[in-house]
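Below, each chain spelled out in residue letters.
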Amino acid sequence: MNPGRVALRFIAALCLIGAFVLWQGEALMQRLLPAIALTMDLIDRHHSVLSLGITQTGADTVIRLEAGIRQLILTGTHVTYADPRARAVITTPLATFWLAPTLFIALLAAWPAQRSAEWPLRALGTLPALALLLALDAPFVLDALLWGLHRDAHDPGGSSPILVWSAFLKSGGRFVLAGLFAGVIVGLAGRVASRRA
């Protein structure tokens, strides 16, 4: 394995995937929004997703979430009652949710294969891994932003598992997950290909 060649392939893959994300990232995310909203409703019984869309805020393309409260929320010692009139609106940059998938695909493309049979096996594992990467990121980060509003207003020193997970993702966890997933796919593809040889 030539490290220089691997680095060049990695940079080339990053550039190609980055260009694709700039070109089609918004359209792809638009198709994923219903699944993200459904996942948020499944993981959080306290909030309800009223609308989830993509919009422009200045020069930035952002995901805009409007949510309500469907069940009593206890934050520290403060109780927030369910109120059909209650609304929270948050926005977050769309591009952040493409960081892990972009790195994941670039790593898969750059890492050399011992056998040509590994490439189709890697391709087979790519789609499920991408779906899991996005499922562990976007719904949880968006939901954590809602919980962050309650925490900031009523329990500034408090925390919760979803806030910890969101902080992990934002502080480099996305890159850790992308590398981990890529390593698993590369390893599995290599193992299966060697058994078939």
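Everything below is about the structure shown above.
Residues numbered from 1 in each chain as written. Predicted model: local features only at pLDDT ≥ 70, side-chain atom pairs only at ≥ 80, totals over all residues. Heavy atoms only, no water.

Asker: When you look at the overall build of the chain in this model, what are you seeing that I'm missing?
Answerer: A count of helices and strands for the chain gives five helices and five strands. Each helix and strand of the chain, placed in order from N terminus to C terminus, yields the pattern α-β-β-β-β-β-α-α-α-α. By principal-axis analysis of the C-alpha atoms, the chain measures approximately 60 × 35 × 25 Å. Across the 197 residues that make up the chain, the buried fraction comes to 39%. Counting only contacts in the chain whose residues sit at least 6 apart along the sequence, the fraction spanning at least 24 positions is 67%. Of the accessible surface of the chain, which amounts to about 11100 Å², a share of 65% is contributed by carbon and sulfur atoms. (Helix = DSSP H or I, 4+ residues; strand = E, 2+ residues; numbered from the N terminus. Buried < 20%, exposed > 50% of the residue type's maximum accessible area, 1.4 Å probe, protein only. Contact = heavy atoms within 4.5 Å. Areas by Shrake-Rupley, 256 points an atom, 1.4 Å probe, with all protein chains shown as cover.)

Asker: Whenever I open this one, the packing of helix 2 (residues 99–110) against helix 3 (residues 118–135) confuses me. Can you help?
Answerer: Any two packed helices are characterised by how steeply their axes cross, that is the angle between the axes, and by the distance between the axes. Interaxial distance between helix 2 and helix 3 falls to 10 Å at its minimum, and their mutual angle equals 165°. What the angle tells us is that helix 2 and helix 3 run roughly antiparallel. The handedness of the crossing between helix 2 and helix 3 comes out as right-handed. Where helix 2 approaches helix 3, its residues A100, P101, F104, I105, L108 and A109 are matched on the opposing element by W119, R122, T126, A129, L130, L133 and L134. Each residue belonging to the contact of helix 2 with helix 3 can be placed in one class, and the counts come to eleven nonpolar, one polar and one charged. (Axes fitted to C-alpha atoms, helices over the stretch in contact; angles between N-to-C directions. Parallel < 35°, antiparallel > 145°, perpendicular 65-115°, else oblique. Left-handed = near helix turned anticlockwise from the far one by under 90°. Nonpolar A, V, L, I, M, F, W, Y, C, P; charged D, E, K, R; others polar.)

On their own, these measurements won't tell you what the molecule is for.
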